[in-house]
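# Residue-level structural notes
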Amino acid sequence: MTAEQKTATRRSAKPSTGSLFEAFDPLRGRRLEILDENGKVVGGEWMPELSDEKLLHAYKMMLLARVADLKAVSLQRQGRLYTLPPSLGQEACAVGSAITLEKEDWMVPAYRELGAWLVRGVPLSRVYLYFAGSEYGNVYPPGVRVLPTSVPISSQLLHAVGIGHAINYRNRKEVVITYFGDGGTSEGDFHEALNWAAVFHCPVIFFCNNNQYAISHPRARQTISETIAQKAIAYGMPGIQVDGNDFLAVYRATQEAASHARAGRGPVLIEGVTYRMGAHTTSDDPSKYRESEEEELWKARDPLIRMRKYLEAKGLWDETREEDAKTEAQAKADEDFAEAEKWKANSVDEIFAHVFESTVPELEAQAESLKSFRKWKEGR
Amino acid sequence: MAVMTLVQAVKSALDLKLADDENVIVFGEDVGVGGGVFRATEGLQKKYGAKRVFDTPLAESSIVGAAVGMAIAGLRPVVEIQFDGFMHPAFNQLVSHLARFRYRTRGERPMPVVVRFPNGDGVRALELHSDSLEAVYGHVPGLKVVMPSTPYDAKGLLISAIEENDPVLFLEPKRIYRAVKQDVPDGLYRIPIGKARVLQEGTNVTLVAYGAMIRVCQQAILEAKKDGISVELIDLRTIYPLDTATIVESVKKTGRLMVVHESPRSFGVAAEIIARVNEQAFYYLESPPRRLTGNDTIPPLPKSEDLYFFPPERVYYELKRAFEA
Ligand SMILES: Cc1ncc(C[n+]2csc(CCOP(=O)(O)OP(=O)(O)O)c2C)c(N)n1
């Protein structure tokens, strides 16, 4: 039996008590689920309070993330974007977590957080621009508290801790959410971050997208712990495993973690059990290391289908609205990509700018030398 | 003999050494089932089993740190780090332990470890995938640093590296992983570490380079030849220990020196080479030694890559100036 199956059989074996984090103490092997695969409510007692309006907004964001992601992958195939990490299948984790936060809260992402970027106000055009290979894709509108895309695994978790530390220092009520993968839990930085955050009660939500693979390496070989959530226990903080393809479960857990952190009670580790439906990046071939039956299994757990069925049952959604929303998302993606593609290549001065606040003689000389070469070349 | 790319040559060296010595083991992220991000270990797990060739958890410090322990216990680990930029989490193990165990224990604990990783630009990659910090590694006492420029050299140098009792960082120029093909012998052969190679003889100027820059230089030399400039090209092959004698001998003959590398200029390999030539052949120089290097900026994302990294034309341009000076 895989660790995943074991957890599944033990799930909901024990009655819940008191608060969410007590009820889903990772050592009890339970996973928070509110919607089942058919969009039926199975965890009604944990249902978050959400207006119809917010539910619809959330679903539209998930849909936009999906459409924008599929477009990015097809643009990459046409050579108009460079290597990128698809987020197909992880929309409930991204949107369900980010949407619980306030404007003043902070987000510290890795590189696969399309839905969360969009929710937090990062323009889609900037995301496209980043994957078109420009640093300007990391420049967000004022007030958007999102750190730039972080490529080295898990190192960003410590920045989240630092921001959390500063929040406490200033007696603010803000919280920080940071995202990483199951693979990321193996790096030393993950452990150092959890430890520091717990010792100093930093208001940080550690959100693990357990999408089952770190490139080709399966979760079961990344860590032998039954869950990732249980790692929280060793550091002295609450941990919770949620169905990461269930928007409502992700929402509920993150909301609870945010109030925990905001109340000065320190960090929380959330493990969203999800699946990276596409390739690791556009240069990866997943058929080398996973079976198509597994992929089919997870297709049936698609977070969008589940949410859509739930909304339909509530009378909030139907075929026409779906079509309209898709068309709208497609138009937005097209428009934002067009904007990103307008961006011109950098000038010589630009590649030398921003190494330091003001330039240094070495850099000036190097820029001059490059310019003189280019002038010579033009004159040839 | 078989025609091979540089990646295939790397795989061939690993394959032969795995077969040859049961103490050799190969591990890292995605090297087993996936065969490595550049496929340098493809098929080796199937052939030698998961005990000899395996995937590790995603943690570079543990990959290098565990290799240190394995070497102490008699194994010869050959580890892969996926990209140059991901060496940084392993830097502590590299500097604090790998490089100094032999010294620390007065020779009791040698470190037969090879750390392989891709190096340099040219594949339009994400951030941190284009770094080339070989000078940093060369600056760490106790590490040998090797960088091949051809499939033939890659195989022979890697076999030597695996057989070394000292830690070797084996930097693979990713831009030419698949760009060059060459006849490579099927069996084991060795190219000595610490020896440069004169690739082409010439009389007017000595050009020193290594890794992916060798091809760039070769193209530039063809153009310079039309202007009547005769270039002697030296492939360093090993960054540390640096083969000063071969360079100095050449400069004594040509009277001029230019060094080319794509990694940042300040405190780089070129600076070291020029310092040594000044120390040992100053009076033979007919003009000031020159260097063409990458800039002291962060390697830009792909949109600006072409601006940052120089083409053969730039080498030609600088060569002409070196010659005319
Ligand atoms: C320090 C470091 N080592 C290696 C890599 C190469 N790499 C990029 S993504 C990845 C797998 C990450 O898996 P996981 O943390 O589970 O996140 P996911 O990509 O699945 O979202 C690896 C090994 C890296 N980016 N940083």
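What follows is about the overall build of chain B. The number of helices and strands found in chain B is 12 helices and 14 strands. Relative to its length of 325 residues, chain B is compact, with a C-alpha radius of gyration of 19 Å against a globular reference of 20 Å. For the C-alpha atoms alone, the extent of chain B along its principal axes is close to 60 × 45 × 40 Å. Within chain B, the proportion of its 325 residues that are buried is 61%. A total of about 12,100 Å² of accessible surface is found on chain B, and carbon and sulfur atoms cover 52% of it. If you average the places of the 39 positive and of the 40 negative side-chain charges in chain B, the two averages end up 1 Å apart.

For the rest of this paragraph, the subject is the sheet that holds strand E13 (residues 257–264) of chain B. Residues and elements named next belong to chain B. One open sheet holds the 5 strands; their spatial order is E9-E11-E10-E13-E14, and the pairing between them is mixed. Looking along the sheet, the strands with just one partner apiece sit at the ends: strand E9 (197–200) and strand E14 (290–294). Across the sheet, the mean angle from the axis of one strand to that of its neighbour is 25°, orientation sign disregarded. Two strands pair when backbone bridges link them, and strand E10 (residues 205–209) and strand E11 (residues 231–235) are joined in this way by 5 bridges, in the parallel orientation.

This part covers unusual backbone geometry. All names here are of chain B. The step from Tyr 240 to Pro 241 runs through a cis peptide bond, and the omega angle for that step is 0°. In this model, Phe 267 sits at a positive phi of 60°, which is unusual for a non-glycine residue. The residue Phe 267 is located in the loop between E13 and helix H10 (269–281) in this model. Under the relative-accessibility criterion, Phe 267 is labelled exposed at 80%.

It is worth spelling out the packing of aromatic side chains at this point. Residue and element names in this part refer to chain A. Per the counting criterion, the structure on display carries 25 aromatic pairs over all chains. Ring geometry for Tyr 136 against Trp 343: centres 5.2 Å apart, planes inclined by 40°, an arrangement best described as tilted. Taken together, the positions of Tyr 136 in the loop between helix H6 (124–131) and helix H7 (157–169) and Trp 343 in the loop between helix H14 (319–342) and helix H15 (348–352) put the pair 207 residues apart, joining distant regions of the chain. A relative accessible area of 25% means that Tyr 136 is categorised as partly exposed. Between Tyr 213 and Tyr 289 the ring centres are 5.5 Å apart and the planes differ by 50°, which places this aromatic pair in the tilted class. Of this pair, Tyr 213 sits in strand E5 (residues 213–214) while Tyr 289 is found in the loop between strand E8 (268–273) and helix H12 (292–299), placing the two residues 76 residues apart along the sequence. Grouping residues by exposure puts Tyr 213 and Tyr 289 together as buried.

With that settled, consider the pattern of salt bridges. Residues and elements named next belong to chain A. This structure, assessed with the given rule, holds 46 salt bridges over all chains. For Arg 145, the salt bridge goes to Glu 174, with nearest N and O atoms at 3.4 Å. On the criterion of sequence distance, the pair formed by Arg 145 in the loop between H6 and H7 and Glu 174 in the loop between H7 and strand E3 (176–181) is long-range, its members being 29 residues apart. Assessed through its relative accessible area of 26%, Arg 145 is described here as partly exposed.

Time to look at the environment of Asp 296 of chain B. For Asp 296 of chain B, the position within the fold is in the loop between E14 and helix H11 (305–308). Given a relative accessible area of 19%, Asp 296 of chain B falls into the buried group. Sequence separation between Asp 296 of chain B and Arg 265 of chain B is 31 residues; the distance between their C-alpha atoms is 6.0 Å. If sequence neighbours within four positions are ignored, Asp 296 of chain B has contacts with Val 355, Glu 362, Leu 363 and Gln 366 of chain A together with Pro 264, Arg 265 and Ser 266 of chain B. Engagement of the side chain of Asp 296 of chain B in a polar contact is seen with the backbone nitrogen of Arg 265 of chain B, the distance being 3.0 Å.

Taken together, 21 residues sit near the ligand, with Tyr 111, Arg 112, Gly 183 and Tyr 213 of chain A together with Glu 60 of chain B positioned nearest. Near the ligand, the surrounding residues belong to chains A and B. Contacts to the ligand include Asn 211 of chain A, whose side-chain N or O atom sits 2.9 Å from an oxygen atom. Here the ligand, which alone exposes 580 Å², has 95% of that area covered by the protein.

So, on to the sheet that holds strand E7 (residues 239–243) of chain A. Think of a sheet as strands paired side by side through backbone hydrogen bonds, with each pair either parallel or antiparallel. All names here are of chain A. Spatially, 6 strands are ordered E1-E7-E8-E4-E3-E2 in an open sheet, and the strand pairing comes out parallel. Pairing within the sheet leaves two strands with one partner each, and these edge strands are strand E1 (31–32) and strand E2 (106–108). Note that strand E4 (residues 204–210) and E8 share 6 bridges and pair parallel. Bridge pairing in E8 links Phe 206 to Leu 269.

Before going further, it helps to spend a moment on the pairing of strand E5 (residues 114–119) of chain B. Residue and element names in this part refer to chain B. Most of E5 sits out of view: 6 of its 6 residues are buried. By the bridge criterion, 3 bridges tie strand E4 (residues 76–80) to E5 in an arrangement that is parallel. Residue pairing in the sheet places Val 78 in a bridge with Val 114 of E5. Here E5 pairs with strand E7 (residues 168–173) via 6 bridges, running parallel. Bridge pairing in E7 links Asn 119 to Pro 173.

Now for the interface of chain B and chain A. Contact with chain B, which involves 40 residues of that partner, is made by 44 residues of chain A. Summing the contributions of chain B and of chain A, the shared interface buries around 3,600 Å²; its carbon and sulfur component is 59%. Among the salt bridges present, the one from Lys 288 of chain A reaches Glu 42 of chain B, with a minimum N-O distance of 2.5 Å. Contributions of two or more residues to the side of chain B that touches chain A are made by H11 and helix H12 (312–324) of chain B. In terms of residues, the side of chain B that touches chain A owes the most to one element, H12 of chain B, which gives 6 residues.

The predicted model of chain B has a mean per-residue pLDDT of 96, with 100% of residues at 70 or higher. Overall fold confidence for the complex sits at a pTM of 0.95, while the interface term, ipTM, reaches 0.94.

Before going further, it helps to spend a moment on helix H9 (residues 244–254) of chain B. All names here are of chain B. Within the span of H9, buried status applies to Thr 244, Thr 246, Ile 247, Val 248, Ser 250, Val 251 and Thr 254. Against the buried residues of H9 lie E9, E10, E11, E13 and H10. Count one or two residues on from H9 and you reach Gly 255, which has phi positive near 80°.

Right, let's get into helix H1 (residues 6–20) of chain B. Look at H1 of chain B: 21 Å from first C-alpha to last across 15 residues, which is about the 21 Å you get at 1.5 Å a residue. For H1 of chain B, the set of buried residues is Leu 6, Val 7, Ala 9, Val 10, Ser 12, Ala 13, Leu 14, Asp 15, Lys 17 and Leu 18 of chain B.

Our next topic: the packing of helix H8 (residues 213–226) of chain B against H12 of chain B. Residue and element names in this part refer to chain B. As a packed pair, H8 and H12 sit with axes 8 Å apart at the nearest point and diverge in direction by 55°. It follows from the interaxial angle that H8 and H12 lie oblique. In the packing of H8 onto H12, the handedness of the crossing is right-handed. Each of Val 216, Cys 217, Gln 219, Ala 220, Glu 223 and Ala 224 in H8 lies in contact with H12, whose residues at this interface are Pro 312, Glu 313, Val 315, Tyr 316 and Leu 319. A class-by-class count of the residues in the contact of H8 with H12 yields 8 nonpolar, 1 polar and 2 charged.

For the rest of this paragraph, the subject is the packing of helix H3 (residues 52–77) of chain A against helix H13 (residues 303–313) of chain A. Residue and element names in this part refer to chain A. Axis separation between H3 and H13 bottoms out at 11 Å; the angle between their running directions is 150°. With respect to H13, the axis of H3 lies roughly antiparallel. For H3 against H13, the interelement crossing comes out left-handed. Contacts between H3 and H13 involve Leu 55, Leu 56, Ala 58, Tyr 59, Met 62, Leu 63 and Arg 66 from the first element and Pro 303, Leu 304, Met 307, Arg 308, Tyr 310 and Leu 311 from the second. A class-by-class count of the residues in the contact of H3 with H13 yields 11 nonpolar, no polar and 2 charged.

Turning next to the side chain of Glu 172 of chain B. Its place among the elements puts Glu 172 of chain B in strand E7. Not counting chain neighbours up to four residues away, the residues in contact with Glu 172 of chain B comprise Val 10, Arg 116, Phe 117, Pro 118, Asn 119 and Tyr 177 of chain B.

What counts as what
- Residues numbered from 1 in each chain as written.
- Chains lettered and ligands numbered in written order.
- Predicted model: local features only at pLDDT ≥ 70, side-chain atom pairs only at ≥ 80, totals over all residues.
- Heavy atoms only, no water.
- Helix = DSSP H or I, 4+ residues; strand = E, 2+ residues; numbered from the N terminus.
- Rg over C-alpha atoms; globule rule 2.2 N^0.38 Å.
- Buried < 20%, exposed > 50% of the residue type's maximum accessible area, 1.4 Å probe, protein only.
- Areas by Shrake-Rupley, 256 points an atom, 1.4 Å probe, with all protein chains shown as cover.
- Lys, Arg positive; Asp, Glu negative; His and termini not counted.
- Charge placed at Lys NZ, Arg CZ, Asp CG, Glu CD.
- Pairing = 2+ DSSP bridges.
- Axes fitted to C-alpha atoms, helices over the stretch in contact; angles between N-to-C directions.
- Phe/Tyr/Trp six-rings, centres within 6.5 Å; stacked < 30°, edge-to-face > 60°.
- Salt bridge = Lys/Arg side-chain N within 4 Å of Asp/Glu carboxyl O.
- Contact = heavy atoms within 4.5 Å.
- Polar contact = N/O pair within 3.5 Å; in protein donor to acceptor, adjacent residues only side chain to side chain.
- Near = heavy atom within 4 Å.
- Buried area = accessible area lost by both parts, 1.4 Å probe.
- pLDDT = per-residue confidence, 0-100.
- Expected span 1.5 Å × (residues − 1).
- Parallel < 35°, antiparallel > 145°, perpendicular 65-115°, else oblique.
- Left-handed = near helix turned anticlockwise from the far one by under 90°.
- Nonpolar A, V, L, I, M, F, W, Y, C, P; charged D, E, K, R; others polar.

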